[in-house]
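Architecture at a glance
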There are 2 protein chains.
Amino acid sequence: MRSAKPKVIDVARLAGVSTATVSRVLNDPSMVSEATREAVQKAVQDTGYRVNRAARNLRTNRSRTVLALVPNLSNPFFSNILSGLERELNASDYSLLVTDSSDVTLSSDQLQRYISAGQADGLIILDGDIDQRELEALQAVLATVPVVFACEWVEGFACPSVRADNSEGIRMLVDHLWELGHRRFGHVAGPSTNVLSRKRQEAFAKFVRIRGGDLRQAWMLPGNFSIEAGKIAAKKVATLQNGPTAWICASDQIAFGLIAGLTDAGVKVPDDLSVTGFDNIEMTEVFNPPLTTIHQHRNKMGNEAARQLLHQLKGSHKVINEPTVMPVYLVARKSTGPVTQARV
Amino acid sequence: MRSAKPKVIDVARLAGVSTATVSRVLNDPSMVSEATREAVQKAVQDTGYRVNRAARNLRTNRSRTVLALVPNLSNPFFSNILSGLERELNASDYSLLVTDSSDVTLSSDQLQRYISAGQADGLIILDGDIDQRELEALQAVLATVPVVFACEWVEGFACPSVRADNSEGIRMLVDHLWELGHRRFGHVAGPSTNVLSRKRQEAFAKFVRIRGGDLRQAWMLPGNFSIEAGKIAAKKVATLQNGPTAWICASDQIAFGLIAGLTDAGVKVPDDLSVTGFDNIEMTEVFNPPLTTIHQHRNKMGNEAARQLLHQLKGSHKVINEPTVMPVYLVARKSTGPVTQARV
DNA sequence: TGCGGCCATGTAATCGATTACATCTCCTCC
DNA sequence: GGAGGAGATGTAATCGATTACATGGCCGCA
């Protein structure tokens, strides 16, 4: 082990040049003649030199680090997006800092801690549930560093975002069910404050209406994205007389809970009722019955969000505030089937 | 908006003191008289001052940041641990940097990038699958910054670690099944390179033997932690004549795949065979049948790992290389039942 | 009274890079 | 032949904190 960490000056001495030249080789090699460049690169190798990030950050006033605000780190839903983010950022030599936005009330304080302190050059927000006060803090941040929403977003907040085509996903489900003969549709929603949940619910109403299906308020049940919400909904669903033959749930978890609850109540899926989810989480495939759902490329959404942020960070400040909408795919499995004649 | 970010000097002027005093108030208030302290704190408030991390890091040669090496960020299994880490670190004003260790070959390079560059003061490794060359790089790192393993670990590598009591979990499952009357046990293992997998397999053999059960090599199937591995195992299991009546799987996913495969083959769980998982992931509860499995507090493991790292970072260099073993819990559900008389 | 010591505070060096500006060399072109 | 410009490199200022060392005031004690 070398006793002390080598510094630019050590590299410079070994290569017989000045520290400025070493720095140039590291940051913009084209400025330096080939011979010098090679000599410096060799010296870097020989000394095992690594730039001191803190020093560079101080001087350049950048951190080459991006902060991801995740609503709930322990929710597997987000890990895929994180993975996509990380890959893309690392490829550009950026690092990824993560924080749970439900943790400390995000608010100005949490954000300032990272942004004003210069710990992060940009922000990727996976959380659309931001209250008014926090939004104001965010507005202020927006003036300072680029921000991109991924997956979720806040309506009316002028800022680039990457999201799945939630509406199209619901359309696919409605069409799929329609073709199976279903005419009465029910919906179990996610949390009413959540933007994904609202979009899906709106799309549900829209496409059922377009198709000319029977749409009733009483068949649109509240919930949140949890299994528990599905179970609760199941109690209601099991008692409905002449109710929907097909239930579109705002998440796979809800669908799991709903199906589990229905099974307990003696209602069979898909024989008696069809049920669909949304997200295509890993378990949908082995669930019994395997769940018909909508797949979104969460990894790619992460990639894309990172790319958009990097794009802004690398200077071209033409910010596209138009949302980037990623395609979704219908995955038809066994939880949906032809409408039962007895129930038409 | 203030035109420029306030700096210590601005705070110092406003409070009528020197920058040194401001810094003292921020870092060790006890050194400063009460009157001055309050004046400075007020000035900090009034200016909206935030320390520049890069400058502080440069001077103190610390980053107040910890790097988590995650084998596969998109695996939900790790998100819980991350969450625990993050919470604990944030409470001590540390930040969490994450990187996917499967991403770039971790190796010296990836590590150096963070550690030698001073981007992280410590390392939390969630990945036990580290090859020999990488281990050497890691040894070198160990001399520089504290390292803690969480959940997984590398055997024979002298370094603190936090892990679940894998062996005890398997014992609980064996005992649970034994009491249900089972005497012939099978195991579907995880990847052979994985330390958790090996521990669980060893424990399986050990406790079946202790109980006096029938233990055969042919009943210990290879696999990895995936659903797919369970499905593959199912093909084999379905053909066994007079085979095990109870199957202990190294992960919940394997159990899902196994049960799904068995169901397809017309074998009923738990009527014909009992099956258990390991981990108690969220979906176990709604799976049909609900899965008997072992629960571990992944969140708390994250907390504990972070605490141990912080402990080292905060100076008390008494490193406990003894692993910290966290308790696990049996969650008995419907995938296990009394042994079928016809199969005893 | 005077000395030693403690406490609170200030002055200025320092961390390790990047980069504005200066310098020097070598060409080109009139 | 000389002005001017381009290209390569060096010198030294700079980023914004922390902290070693210096200073000054005050108290207690001989």
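Reading guide: rules and limits
Each chain has its residues counted from 1, running along the sequence as written. Just so you know, chain letters begin at A and ligand numbers begin at 1, following the order they were written in. For a predicted model such as this one, the threshold for reporting local features is a pLDDT of at least 70, and the threshold for listing and counting side-chain atom pairs is 80 or more; totals across whole chains, interfaces and linings nevertheless cover every residue. Values reported for side chains reflect all heavy atoms of the structure, with hydrogen atoms and water molecules removed beforehand. Our superposition of the copies is a least-squares fit, built on the C-alpha atoms of residues whose pLDDT is at least 70 in both. Should any heavy atoms of two residues lie within 4.5 Å, those residues are counted as being in contact. Start and end points for every domain follow an automatic or database-based domain assignment. Note on definitions: salt bridges are taken to be side-chain nitrogens of Lys or Arg within 4 Å of carboxyl oxygens of Asp or Glu. Numbering of helices and strands runs from the N terminus; a helix is a DSSP stretch of H or I covering at least four residues, while a strand is a stretch of E covering at least two. Partly exposed describes any residue whose relative accessible area lies between the buried limit of under 20% and the exposed limit of over 50%, with all areas from a 1.4 Å probe on protein chains only and scaled to the type maximum. Think of it this way: DSSP has to see at least two bridges between two strands before they count as a pair. Here the axes come from fitting lines to C-alpha atoms, over the contacting stretch only for helices, and the angles between their N-to-C directions go from 0 to 180 degrees. Classification used: nonpolar for Ala, Val, Leu, Ile, Met, Phe, Trp, Tyr, Cys and Pro, charged for Asp, Glu, Lys and Arg, polar for all others including Gly. Cysteine sulfur atoms that come within 2.5 Å of each other are treated as a disulfide pair. Definition of nearness: a residue and a molecule or strand are near each other if at least one heavy atom of the residue lies within 4 Å of the molecule or strand. Counting of polar contacts relies on pairs of N or O atoms within 3.5 Å, with two restrictions inside protein: one atom must be capable of donating a hydrogen and the other of accepting it, and residues adjacent in sequence are counted only when both atoms are side-chain atoms.

Quick word on the relation of the copies chain B and chain A
- With an axial shift of 0.0 Å and an RMSD of 0.1 Å, the rotation relating chain B to chain A amounts to 180°. A rotation of that kind, with that shift, is consistent with a two-fold axis.
- Interface overlap between copies: 100% of the residues of chain B at the interface are likewise at the interface in chain A, consistent with a symmetric, same-surface contact.

Thoughts on the domain arrangement of chain A
- Here chain A is partitioned into domain 1 (8–51), domain 2 (62–164 + 298–326) and domain 3 (166–296 + 330–343).
- Computed from C-alpha atoms alone, the centre-to-centre distance between domain 1 of chain A and domain 2 of chain A is 35 Å.

Concerning the pattern of salt bridges
Residues and elements named next belong to chain A.
- On inspection of all chains with the given rule, the structure shows 32 salt bridges over all chains.
- One salt bridge in this structure joins glutamate 168 and arginine 171, with 2.6 Å as the shortest N-O distance. In this pair, glutamate 168 and arginine 171 are both assigned in helix α8 (residues 166–179), 3 residues apart and thus about one turn of the helix distant.
- Classification of arginine 171 as partly exposed rests on a relative accessible area of 25%.

Focus on the sheet that holds strand β4 (residues 147–150) of chain A
- Strands sit in the order β11(A)-β5(A)-β4(A)-β3(A)-β1(A)-β2(A)-β2(B)-β1(B)-β3(B)-β4(B)-β5(B)-β11(B) across an open sheet of 12 strands; the sheet is mixed. Of all strands in the sheet, those bounded by a partner on one side alone are β11 (324–326) of chain A together with β11 (324–326) of chain B. Recorded for the sheet is a direction-independent mean angle of 25° between the axes of neighbouring strands.
- As defined by bridge partners, strand β1 (residues 65–70) of chain A adjoins strand β3 (residues 122–125) of chain A across 4 bridges and the pair is classed as parallel. Each bridged residue has a counterpart across the sheet, and for Ala68(A) the counterpart in β3(A) is Ile124(A).
- Packing against the sheet, helix α12 (residues 298–313) of chain B makes contact with β1 (65–70), β3 (122–125), β4 (147–150), β5 (161–164) and β11 of chain B, and its axis sits at approximately 170° to β4(B).

Section: the interface of chain B and chain A
- With 54 residues of chain B at the interface, the matching set in chain A holds 54 residues.
- Counting the contacts that link chain B with chain A gives 4 salt bridges.
- Residues Lys231(A) and Glu285(B) are paired through a salt bridge, measuring 3.4 Å at the closest nitrogen-oxygen approach.
- Mapped onto the side of chain B that touches chain A, the elements with two or more residues apiece are α4 (53–60), α5 (76–91), β2 (95–100), α6 (106–115), α10 (227–239) and α11 (252–264) of chain B.
- Here the side of chain B that touches chain A takes 8 residues from α5(B), the largest share from any one element.
- Considered class by class, the residues forming the side of chain B that touches chain A number 21 nonpolar, 20 polar and 13 charged.

Structural notes on the state of the cysteines
- As enumerated under the stated definition, the model contains 0 disulfides over all chains in all.
- Summary of cysteine pairing: Cys151(A) is not part of a disulfide, and the nearest cysteine sulfur, belonging to Cys159(A), is at 14 Å.

Things to note about the protein's contact with DNA strand D
- The environment of DNA strand D is made up of 28 residues, and the closest members are Arg24(A), Thr36(A), Ser23(B), Tyr49(B) and Arg59(B).
- Put simply, 62% of the atoms of DNA strand D that lie within 4 Å of the protein are in sugar or phosphate.
- Between a phosphate oxygen of DNA strand D and a side-chain N or O atom of Thr36(A), the distance comes to 2.3 Å.
- Here a phosphate oxygen of DNA strand D and a side-chain polar atom of Arg56(B) are 3.2 Å apart.
- Secondary-structure elements contributing two or more residues to the surface near DNA strand D are α2 (19–27) and α4 (53–60) of chain A together with α2 (19–27) and α4 of chain B.
- The dominant element in the surface near DNA strand D, judged by the number of residues it contributes, is α4(B), at 5 residues.

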